[in-house]
Amino acid sequence: MEKYAKVVVRSNTINTDNLFTYKVPDFLTNELNIGHRVLVPFGRGNKPTEAFVFEIIDTIDENIKIKEIVDVLDENPIFKIEDLELVNWMKNRYLCTYIDCINLIYPKGYKLNNYKVVRLHERVNKLSEYEFKEFLSTLNEPQQKILDFIINNKGKIKIDKLKHIQNINSLLDRMAKKDIVSLHWEYKDHKNEKKICYVALTIDNDEVDEYIKTNKINLGSKQREVVNFLKNNHNVEINDVMDLLNVSKKSITSLHDKNLITLELKDYYRNPENIYSSTYKNIRLNSEQKYAINKITSQMFEEYKKPYMLHGVTGSGKTEVYMEVIDYALNQGLDSIVLVPEIALTPQTISRFKNRFGDIVGVFHSQLSEGQKHDVYKAIKAGKIRILIGARSALFAPFNSLGVVIIDEFHETSYKSEKSPKFSAIEVAKYMAVKNNISLVLGSATPSIDEYYKAENGEYELIEIKCRANNKPLPKIEVIDMKSELNNGNKSIFSITLQNEIDEAIKNKNQVILFLNRRGYASFVSCRKCGYVFQCENCDISLTYHKGKNIGRCHYCGYEKEIPKECPECSSNYVKPFGVGTQKIEEELKTIFTQARVLRMDKDTTSKKGSLEEILNKFKNKEADILIGTQMLSKGLDFDNVTLVGILSADMILNFPDFKSFETTFQLVTQVSGRAGRSDKEGKVILQTYDTDHYAIRRAINYDYEGFYQDEIKIRRAFGYSPFNNMISVVISGENEKLVKQNAQNMYDSIIYLLQNRGINNFDFILGPNPCSISKINQNYRWQILFKDDDIEINLLKGIIKYICITKRDVVFNKEVNISIDINPNSIL
């Protein structure tokens, strides 16, 4: 009986975002399964293209002309049926393409290269030497040249290598029609794997000398040395044998030819270096931790369980709870995934897990090479990795018996992807938990308002830990009004109180963390005479000043410009940096505290591989008194000797033009404050602000999450922000501003037309089209239309946006513009 496969073809165009049907050839009837990676002829030229089998069917419409699958690319399917269900769900949820979603779960390090080759036609190949010479004389010079290339390349050559010949494509086309050459597609399937060759004797140690004697095998002195070495060392890496005995590869392979040794290739797993180290502490759990562990483990095999929200204050020992839950899962034969906000920022977490669980802990994040990523994928498949720690992409790891997913610091915005598909790791994890009966644990000291609202409404099992693991109180937060400081003549970034506290901490041999939500030297550079501000030439945003190189750098596109001494507008010399950055703080600190040893931790000082671990190690080993940093500092760092935390300006976050800025302020103040007093020493926090009465500040200084939540939820309800409404952002961008604006208007008009046809005439839920707050990034102008699901069903709204932006894209939009759709975006800048 004939079989047919419905496949998704790897292609970047929206036009091919469908299932295509292919005939399954007889030789693959019993081999092909759903989830297999296959090779299919695609398009007019029948280019061999990678595709993925989503369905296998028995019948099709008789009138359809159908092509046949060329081959299967892997012995076993690379995707499980659950993976393909997830792809379908994400495609509909996030309004993206099949390939966008497949790329998330596709094994890293796999690559299919396809290319066209040209050969001599069969007719030409059959000619005798004399006939060929005669035939050659009838061809023109370019044709003769091409035949020379083919003959000198063992009978075939890639067309890419002939690109230097003028009009090569039309020339080859004419030659193919005359049966001089034939054109074929070929492909190479590449897997980024590393193998290592191991050497061992083929004969038992006692019998090897007798075997050499009996078979009269002649051995050189170096070969004799290798044999004697292998008698005492079984299965040695070939490179080690060569280095230790100073012997050539030829001598070793010659022993293999004489049947004295075996050469065996084994998989090699490339592990990332772990520079940071910590010691394993045997910790006694308190009653709140035990309750949390028992609650989660006792329901592990129950169906229809809710996800768990672990709301524990900073330093409450949430990591210990995670490890106990994972330990229980391991003993039940289940694997675990631990997601952390920014993997490179938590070497402490990795170190703690590896100390507890050893080599079954794997790490997966964007800093790994393609080869390392492939090895992690392979090690998970082989069961060598049972616990995976990683950023949001680790969620798609190919575990066969996944039992637990933990999302630590789940309030962090990095769990929402900024590139297509713009998925939320929390939403995807919830889907996986329901479909595959997985225990999902979300942990944070400052849950996001959206998710806490769901917990209040019964979507989560809420577990609270209100005490710190060391039973010490949370550090006291003292608020300093910077308006008063200025009135008292203190123009420094540091209030007098903070200066005194830093002095006291250093005298007592304790450590200090200073937090500022901005990297660089200052916010922007401007002329104090005419007000000219140095802007990025590619983006609609001011340049951040970096003093060391005297440059302004755009933190959106990376554009750099040297800052001149004279203003380019009015030629005055009053060009000065405004605001404050981490570099400036470091500089001022060193003038006030001349003896203090200062480290700075921001994107600029941690961009080199291993530099972050180096900074953390130095601070842990007390090689510095003060650590200055940006947002990175709020991410789960644990230092025993830190007794003072200074938050230099809460206003920078508070006044950010975004509806979530109050929530972000509360979270950052709470998280950064939690870095103080984590061991036996009590901690203190100094918070500097110009807005001492704001509810986010007042609630944060008392660690009153409940009170903040109640204040914030009232405002969200009044303005119709999430969690009360969904929001969809569509950003249209391109290099031609007029075209971008026109396309945004086209989209708006199309949506209004479709809504009116459905009898909807109130369009208050549509905001725009308007230029984005940052209206230009990297030479691309940006216009935005925002949709709230006020008085309109979200699925209807998504259906209309999908129809216009994806199905009818070529009709509504120009090819020169890009469209980005984001469901419930983190930010609408």
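Residues numbered from 1 in each chain as written. Predicted model: local features only at pLDDT ≥ 70, side-chain atom pairs only at ≥ 80, totals over all residues. Heavy atoms only, no water.

## Considering the sheet that holds strand E23 (residues 551-553)
Argument step 1. On the basis of which strands lie adjacent, the open sheet formed by three strands has the order E22-E23-E24 and antiparallel pairing. Each edge of the open sheet is held by one strand with a lone partner, namely strand E22 (544-546) and strand E24 (560-562). The average angle at which neighbouring strand axes cross in this sheet is 30 degrees, direction not considered.
Argument step 2. Pairing between E22 and E23: three bridges, direction antiparallel. The residue bridging His-546 from the neighbouring strand is Ile-551, located in E23. (Pairing = 2+ DSSP bridges. Helix = DSSP H or I, 4+ residues; strand = E, 2+ residues; numbered from the N terminus. Axes fitted to C-alpha atoms, helices over the stretch in contact; angles between N-to-C directions.)

## Remarks on the sheet that holds strand E3 (residues 37-42)
Argument step 1. Spatial ordering of the open sheet is given by E2-E1-E4-E3-E5, a layout of five strands whose pairing is antiparallel. Of all the strands in the sheet, the pair left with one neighbour each is strand E2 (20-23) and strand E5 (71-72).
Argument step 2. As paired elements, E3 and E5 share two bridges and run antiparallel to each other. When the bridges of E5 are listed, Val-38 appears paired with Val-72.

## Some thoughts on the side chain of Glu-485
Argument step 1. Turning to its location among the elements, Glu-485 is positioned in helix H17 (residues 482-487).
Argument step 2. For the buried Glu-485, which has no salt bridge, the nearest side chain bearing the opposite charge is Lys-483, at an N-O separation of 12 Å.
Argument step 3. Excluding residues within four positions of it along the chain, Glu-485 makes contact with Ile-480, Asn-490, Ser-495 and Ile-496. (Buried < 20%, exposed > 50% of the residue type's maximum accessible area, 1.4 Å probe, protein only. Lys, Arg positive; Asp, Glu negative; His and termini not counted. Salt bridge = Lys/Arg side-chain N within 4 Å of Asp/Glu carboxyl O. Contact = heavy atoms within 4.5 Å.)

## Observations concerning the pattern of salt bridges
Argument step 1. Summed over all chains, the structure comprises 34 salt bridges.
Argument step 2. Among the ionic pairs, Glu-461 bridges to Lys-295, the shortest N-O distance being 3.6 Å. Here Lys-295 lies in helix H11 (residues 287-298) and Glu-461 lies in strand E18 (residues 461-465), a separation of 166 residues in the sequence.
Argument step 3. Between Lys-483 and Asp-481 there is a salt bridge, and its shortest N-O distance comes to 3.6 Å.
Argument step 4. The exposure class assigned to Asp-481 is partly exposed, which follows from its relative accessible area of 22%.
Argument step 5. Connected through salt bridges with shared partners, the residues Arg-10, Arg-37, Glu-50 and Asp-74 form a single ionic network.

## What to know about empty space enclosed by the protein
Argument step 1. Across all of its chains, the model carries two cavities of 30 Å³ or more by this definition.
Argument step 2. Of the volumes computed, that of the largest cavity is approximately 130 Å³.
Argument step 3. Residue lining of the largest cavity: 14 residues in total, with Phe-364, Tyr-377, Phe-396, Ala-397 and Pro-398 positioned closest to the centre.
Argument step 4. Among the elements that make up the lining of the largest cavity, the one with the highest residue count is helix H14 (residues 370-381) (three residues). (1 Å grid on protein atoms, 1.4 Å probe; cavity = no way out; pocket = protein on both sides within 12 Å on 5 of 7 lines; lining within 4 Å. Points joined across faces, edges and corners; volume = space filled by probe spheres on them.)

## Regarding the packing of aromatic side chains
Argument step 1. The full count for this structure, using the stated rule, is 18 aromatic pairs.
Argument step 2. Geometrically, the ring pair formed by Tyr-705 and Tyr-709 is stacked, given 6.5 Å between the ring centres and 20 degrees between the ring planes. Linking Tyr-705 with Tyr-709, this pair stays in helix H24 (residues 705-719), spanning four residues, or about one helical turn. Each member of the pair, Tyr-705 together with Tyr-709, is buried. (Phe/Tyr/Trp six-rings, centres within 6.5 Å; stacked < 30°, edge-to-face > 60°.)

## A few points about the packing of helix H1 (residues 81-94) against helix H2 (residues 98-105)
Argument step 1. Where H1 meets H2, the closest approach of the two axes is 9 Å, and the angle between their N-to-C directions is 135 degrees. The pairing of H1 with H2 is recorded here as oblique in orientation. As for how H1 packs across H2, the hand of that crossing is right-handed. Here H1 contributes Asp-83, Val-87, Asn-88, Met-90 and Lys-91 to the contact with H2, which in turn contributes Tyr-98, Cys-101, Ile-102, Leu-104 and Ile-105.
Argument step 2. A class-by-class count of the residues in the contact of H1 with H2 yields seven nonpolar, one polar and two charged. (Parallel < 35°, antiparallel > 145°, perpendicular 65-115°, else oblique. Left-handed = near helix turned anticlockwise from the far one by under 90°. Nonpolar A, V, L, I, M, F, W, Y, C, P; charged D, E, K, R; others polar.)

## Regarding the nonpolar core
Argument step 1. Of all hydrophobic cores here, the largest spans 116 residues; its most connected members are Ile-407, Met-747, Phe-787 and Ile-801.
Argument step 2. Those residues in contact with Phe-787 that sit more than four places away from it in its chain are Asn-726, Met-727, Ile-728, Val-730, Met-747, Ile-751, Phe-765, Ile-766, Leu-797 and Ile-801.
Argument step 3. Judged by nonpolar contacts, the second largest core, of 28 residues, contains Met-300, Leu-334, Ile-387 and Ile-406. (Core = buried A, V, L, I, M, F, W, Y, C linked by side-chain atoms within 4.5 Å.)

## Things to note about the environment of Val-313
Argument step 1. When you line up the elements, Val-313 lands in the loop between strand E12 (308-312) and helix H12 (318-331).
Argument step 2. For the pair Val-313 and Gly-674, spaced 361 residues apart in sequence, the C-alpha to C-alpha distance is 8.2 Å.
Argument step 3. Setting aside residues no more than four positions away along its own chain, Val-313 makes contact with Lys-318, Ala-445, Ile-465, Lys-466, Cys-467, Arg-468 and Leu-474.

## Description of the packing of helix H25 (residues 737-757) against helix H26 (residues 794-807)
Argument step 1. Two elements in contact, H25 and H26, have axes separated by 10 Å at closest approach and are oriented at 135 degrees. By the criterion of interaxial angle, the relationship of H25 to H26 is oblique. Here H25 runs over H26; the crossing is right-handed. Facing H25, whose interface residues are Met-747, Ser-750, Ile-751, Leu-754 and Leu-755, H26 presents Ile-800, Ile-801, Tyr-803, Ile-804 and Cys-805.
Argument step 2. Partitioning the contact of H25 with H26 into residue classes produces nine nonpolar, one polar and no charged.

## Description of H11
Argument step 1. With twelve residues, H11 should cover 16 Å at 1.5 Å per step; its first-to-last C-alpha distance of 16 Å lies within 8% of that length.
Argument step 2. Where H11 is concerned, the buried positions are Gln-289, Ala-292, Ile-293, Lys-295, Ile-296 and Thr-297.
Argument step 3. In this structure, the buried residues of H11 make contact with E12, H12, strand E17 (439-444) and E18.
Argument step 4. Where H11 starts, the residue carrying a side-chain oxygen 3.2 Å from the main-chain nitrogen of Glu-288 turns out to be Asn-286. (Expected span 1.5 Å × (residues − 1). Polar contact = N/O pair within 3.5 Å; in protein donor to acceptor, adjacent residues only side chain to side chain.)

## Overview of the environment of Glu-706
Argument step 1. Among the structural elements, Glu-706 can be located in helix H24.
Argument step 2. Sequence separation between Glu-706 and Ile-150 is 556 residues; the distance between their C-alpha atoms is 76 Å.
Argument step 3. Polar side-chain contacts of Glu-706 include one of 2.3 Å to the side chain of Tyr-452.

## Some points on unusual backbone geometry
Argument step 1. Cis geometry marks the peptide bond from Ser-420 to Pro-421; its omega dihedral reads -5 degrees.
Argument step 2. If you trace the backbone, Pro-421 turns up in the loop between strand E16 (402-408) and helix H15 (425-436).
Argument step 3. Pro-769 follows Gly-768 through a cis peptide bond whose omega is 5 degrees.
Argument step 4. For Pro-769, the location among the structural elements is in strand E31 (residues 766-777).
Argument step 5. Its identity is not glycine, yet Asp-179 carries a phi of approximately 60 degrees, on the positive side.
Argument step 6. Checked against the element boundaries, Asp-179 lands in the loop between helix H6 (168-177) and strand E8 (181-191).
Argument step 7. When its relative accessible area of 32% is taken as the criterion, Asp-179 is described as partly exposed.
Argument step 8. With a phi close to 60 degrees, Tyr-304 is a non-glycine residue in the positive phi region.
Argument step 9. Locating Tyr-304 in the fold gives a position in the loop between H11 and E12.

## Structural notes on H25
Argument step 1. For H25, built from 21 residues, the straight-helix expectation of 30 Å at 1.5 Å per residue is met to within 8% by its first-to-last C-alpha distance of 31 Å.
Argument step 2. Residues Val-740, Asn-743, Ala-744, Met-747, Ile-751, Ile-752 and Leu-755 constitute the buried set of H25.
Argument step 3. The backbone nitrogen of Lys-738 lies 3.0 Å from a side-chain oxygen of the residue at the head of H25, namely Asn-736.
Argument step 4. The first or second residue beyond H25 is Gly-759, which carries a positive phi of 85 degrees.

Everything listed is a geometric property; what it means functionally is a separate question.
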